[in-house]
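This is what each chain is made of:
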Amino acid sequence: MRRETPRILHVTESMGGGTAAAIVEFVRSTPQFEHHLLFRRRAGSDLPVRHEDLFAGSRDAGRGPVRLARALRETLPAVAPRIVHLHAAWAGLVGRTVVRAGAAAGPAILYTPHCFGFERTGGPAPVNRVLRAAERAVAASTDLAVCGSPREADLARALGMPAVVVPNTTRVRTARPDRRHDGSIVTVGRVRAQKDPAFLLRVKALLDRDHPGTRWTWVGGGDPRAEAALRAAGVRVTGWRSPAEVRNHLAAADVYLHTAAWESCPLPLLEAAAAGLPLVARSIPALDSLGLDPDLGTTEAVAAELATVLTTGRPGRPRLQEAFAARHTPQAQAAALAAAYARVLGPIPAPPLTRVG
């Protein structure tokens, strides 16, 4: 008798940016499952349209948690998933409330935070307390937290969830042609408080004193005032660009700079590493737990590391970057994610005989 392929329903309130890219990689890494998607497409994103062949079915829930809850209630009996895999905060809160309320013996609930909101620095402390309390309130409804970094897994366990680490990955491979280095620094991501554009501007002020010809590009868009501040300081802000255009910016750069104040495991770091770019990543707990340089916590240290890369073409501690890239391969993700799904399902079908990559 042929065994039915287990179905997984992925749920996210914002199908765009790093969350969308991570979901796509999760699906690619586990072809032994039938994947379905409930989402709200982020403005300007063409996901999941570009990857609709990966999903057996997908549905746009529309804007807001109420519509997401209604769509999830309607989708659950239609799909009959063995696993509901929730991605990011709102989907995590809504999904755990709806699925557990629906039946005593329903699908397993997995939750990937893609960075806990209460990690926010510089914001109102009461807001962080509310966010932490909300996560704790639904923690008992989580069969397994699937986390992008050891730091995120530790936070999940402290909230009362069982947790495993599944490395993020990327299959993007960007060729960097031989060319004359021109002091080009690139950052990729949404211009917002999490990515801390103010930190980048302080680093720029330090570095420009000794490297006045350096070219700075922020690939992405977001908060208009933060964008204006970047442009006023001489940083080119591109606005949102297609994945192919992002790869072109990476190929043209000399170094990738990451200045986020809080994170999980950001996809742009992996894409930059896959492109062969030296990484300069600000030291924060999540990135420290991933094995990146823990001594880059200040603007002075980051500016000095950028100067080293611009002068030598290499980071000060290249083996850390090499080890980081080696731990985040498609093969490593496929093995860890299959183990996570098997933990809540029991024995599962073997993947098709195709090479991951």
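Each remark here, short or long, concerns the structure printed above.
Residues numbered from 1 in each chain as written. Predicted model: local features only at pLDDT ≥ 70, side-chain atom pairs only at ≥ 80, totals over all residues. Heavy atoms only, no water.

**Points about the pairing of strand β4 (residues 83-87)**
Then, in step 1: Within β4, five of the five residues are buried, which leaves the element mostly enclosed by the surrounding structure.
Then, in step 2: Where burial is concerned, the two faces of β4 agree: the one with Ile 83, His 85 and His 87 and the one with Val 84 and Leu 86 are both buried.
Then, in step 3: Relative to β4, strand β1 (residues 7-12) is paired through five bridges, and the arrangement is parallel. Each residue of the ladder has a partner; that of Ile 8, found in β4, is Ile 83.
Then, in step 4: Sheet topology places β4 next to strand β5 (residues 108-112); five bridges connect them, and they run parallel. Paired with Val 84 across the strands is Ile 109, a residue of β5. (Buried < 20%, exposed > 50% of the residue type's maximum accessible area, 1.4 Å probe, protein only. Helix = DSSP H or I, 4+ residues; strand = E, 2+ residues; numbered from the N terminus. Pairing = 2+ DSSP bridges.)

**Notes on the sheet that holds strand β9 (residues 215-219)**
Adjacent strands of a sheet form backbone hydrogen bonds with each other and so pair up, either parallel or antiparallel.
Then, in step 1: Strand order in the open sheet made by the five strands is β10-β9-β8-β11-β12, with parallel pairing throughout. The sheet terminates laterally at β10 (235-237) and β12 (279-281), the two strands that pair on one side only. When strand polarity is set aside, the average angle formed by the axes of neighbouring strands in this sheet is 25 degrees.
Then, in step 2: As paired elements, β9 and β10 share three bridges and run parallel to each other. (Axes fitted to C-alpha atoms, helices over the stretch in contact; angles between N-to-C directions.)

**As for the sheet that holds β5**
Then, in step 1: Here seven strands make up an open sheet; going across it, the order is β3-β2-β1-β4-β5-β6-β7 and the pairing parallel. The open sheet terminates on both sides in strands that have one partner only, identified here as β3 (57-60) and β7 (163-165). The average undirected angle you get between the axes of adjacent strands in this sheet is 20 degrees.
Then, in step 2: Relative to β3, strand β2 (residues 34-39) runs parallel, the two being bridged by four bridges. Its bridge partner lying in β3, His 36 is registered against Gly 57.

**Some words on the packing of helix α6 (residues 197-210) against helix α11 (residues 299-312)**
Then, in step 1: Across the interface, α6 lies against α11 with an axial gap of 9 Å and an inter-helix angle of 55 degrees. Considering their axes alone, α6 and α11 lie oblique with respect to each other. Once α6 is placed against α11, the crossing between them reads as right-handed. Of α11, the residues touching α6 (which contributes Phe 199, Arg 202, Val 203, Leu 206 and Leu 207) are Thr 299, Glu 300, Val 302, Ala 303, Leu 306, Ala 307 and Leu 310.
Then, in step 2: Classifying every residue of the contact of α6 with α11 gives nine nonpolar, one polar and two charged. (Parallel < 35°, antiparallel > 145°, perpendicular 65-115°, else oblique. Left-handed = near helix turned anticlockwise from the far one by under 90°. Contact = heavy atoms within 4.5 Å. Nonpolar A, V, L, I, M, F, W, Y, C, P; charged D, E, K, R; others polar.)

**So, the pairing of strand β8 (residues 184-188)**
Then, in step 1: Among the five residues of β8, five are classified as buried, and the element is accordingly described as predominantly covered.
Then, in step 2: Burial along β8 is two-sided: the residues Ser 184, Val 186 and Val 188 and Ile 185 and Thr 187 are all buried.
Then, in step 3: Two elements, β8 and β9, share five bridges in a ladder whose sense is parallel. Its bridge partner being in β9, Val 188 is matched across the sheet by Val 219.
Then, in step 4: The parallel pair β8 and β9, bridged by α6, forms a crossover whose chirality is right-handed.
Then, in step 5: Bridge analysis of β8 against strand β11 (residues 255-258) gives two bridges, and the strand direction is parallel. Across the sheet, the residue bridging to Ile 185 is Val 255, located in β11. (Right-handed = clockwise from strand over helix to strand, strands pointing away.)

**Structural notes on the side chain of Thr 12**
Then, in step 1: Along the chain, the position of Thr 12 falls in strand β1.
Then, in step 2: With relative accessibility at 0%, the residue Thr 12 sits in the buried group.
Then, in step 3: Setting aside its immediate chain neighbours within four residues, Thr 12 contacts Thr 19, Ile 23, Leu 38, Phe 39, Arg 40, Leu 68, His 87 and Ala 91.

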